[in-house]
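Observations on the model geometry
Each chain, written out:
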Amino acid sequence: MLSRYAALVKNLRGVVLAEAGKPEVDTALQWLLKRFKYRDLGLPPSMAELRKRKGFRRLLKLFHPSEELRKMAEAFASNLSASLQAVEALVIASAYVSPIIAVGSWAAEALSKLAVGKVEARVKPDSRGWKLHFRIADYTVLDAYEKSVAEAGELWKPKLDLEAFKRRRAERIRRETKRYWRLLEGEEAGEPLILFFDLAPSSRKP
């Protein structure tokens, strides 16, 4: 199990959250699979049925590296009154050090309710632009991972100032949004394209 997990982490480029069965979603997924021809895209366990649809066998069924993570996803979804599939995708993406790729309006809406930061695009990326920003998103997750996880250990300190903890992490997210400056150089009406998440503070009561 551990060896399979390590292999998946090494080659995974995104965790897909999508509502199956809609033509526009299927079209977008097919486009994604062409873009990531030599890299893997994965599905959270609750979305594994999507692999049974024609042409989507290449999507990998991911698994929770530990039973505790599965329980964590359920607890977060309940406490936040959020979609279990969306929260599970966030937990899985964190476990696999990978960004989430939301496909379709349902996925975007489910995730937007959990976002703590965003970048509103004023341009419509072409294929080259999408490829660039997929790569930037991958680096964003990877670069922030170690510090973010280590810092989350503070949540178990009895005298933690939770509001200061939130502000510190929110400021780091604000700085990370600057990586996506190319998306702001346009005249289009701003539309959320990059979302940032931080479930850690939700595990600690004020």
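The notes below deal with the structure included here. (Residues numbered from 1 in each chain as written. Predicted model: local features only at pLDDT ≥ 70, side-chain atom pairs only at ≥ 80, totals over all residues. Heavy atoms only, no water.)

1. Describing the environment of glutamate 49
Topologically, glutamate 49 is positioned in the loop between strand E2 (40-43) and strand E3 (60-61). Separated by 29 residues in sequence, glutamate 49 and alanine 20 have C-alpha atoms that sit 8.6 Å apart. (Helix = DSSP H or I, 4+ residues; strand = E, 2+ residues; numbered from the N terminus.)

2. What about the sheet that holds strand E1 (residues 12-18)?
Taken in spatial order, the four strands make up an open sheet running E3-E2-E1-E4, and their pairing is parallel. The open sheet has two edge strands, E3 and strand E4 (100-103), and neither has a second partner. Where E1 lies against E2, three bridges are found, and the strand directions are parallel. Pairing of glycine 14 across the sheet is with leucine 41, part of E2. On top of the sheet, helix H1 (residues 2-11) reaches E1, E2 and E3; it is set at about 90° to E1, its chief contact. Most of the contacts of helix H2 (residues 23-35) go to E4, to which it runs at about 145°, and overall it touches E1, E2 and E4. (Pairing = 2+ DSSP bridges. Contact = heavy atoms within 4.5 Å. Axes fitted to C-alpha atoms, helices over the stretch in contact; angles between N-to-C directions.)

3. Details of the side chain of glutamate 176
With respect to the secondary-structure elements, glutamate 176 resides in helix H7 (residues 162-176). The buried category is assigned to glutamate 176, whose relative accessible area is 16%. Once you skip the residues sitting within four places of it in the chain, glutamate 176 turns out to touch Thr140 and Phe196. (Buried < 20%, exposed > 50% of the residue type's maximum accessible area, 1.4 Å probe, protein only.)

4. Quick look at the packing of aromatic side chains
Throughout the structure, instances matching the rule amount to six aromatic pairs. Considering the side-chain rings of tyrosine 5 and tyrosine 96, the 5.1 Å spacing of their centres and the 65° angle between planes classify their relative orientation as edge-to-face. Here tyrosine 96 lies in the loop between helix H4 (84-95) and E4 and tyrosine 5 lies in helix H1, a separation of 91 residues in the sequence. A ring pair is formed by tyrosine 180 and phenylalanine 196, whose centres lie 6.3 Å apart and whose planes are at 75°; its orientation type is edge-to-face. Of the two residues, tyrosine 180 is situated in the loop between H7 and strand E6 (191-196) and phenylalanine 196 in strand E6; the sequence distance between them amounts to 16 residues. Assigned by exposure class, tyrosine 180 and phenylalanine 196 land together as buried. An aromatic cluster is defined as three or more aromatic residues linked by ring pairs; in this entry it consists of Trp31, Phe36, Trp130 and Phe134. (Phe/Tyr/Trp six-rings, centres within 6.5 Å; stacked < 30°, edge-to-face > 60°.)

5. Side note on the pattern of salt bridges
One pass over the structure, following the stated rule, counts 17 salt bridges. Look at the salt bridges and you will find they share partners, linking Glu151, Glu154, Arg168, Arg169, Arg172 and Asp198 into a network. (Salt bridge = Lys/Arg side-chain N within 4 Å of Asp/Glu carboxyl O.)

6. A few points about the layout of surface pockets
Taken as a whole, the second largest pocket spans an internal volume of roughly 510 Å³. Elements with a minimum of two residues in the lining of the second largest pocket: H1, E1, H2 and helix H6 (127-152). Grouping the amino acids of the lining of the second largest pocket by side-chain chemistry returns ten nonpolar, no polar and eight charged. (1 Å grid on protein atoms, 1.4 Å probe; cavity = no way out; pocket = protein on both sides within 12 Å on 5 of 7 lines; lining within 4 Å. Points joined across faces, edges and corners; volume = space filled by probe spheres on them. Nonpolar A, V, L, I, M, F, W, Y, C, P; charged D, E, K, R; others polar.)

None of this, on its own, says anything about what the molecule does.
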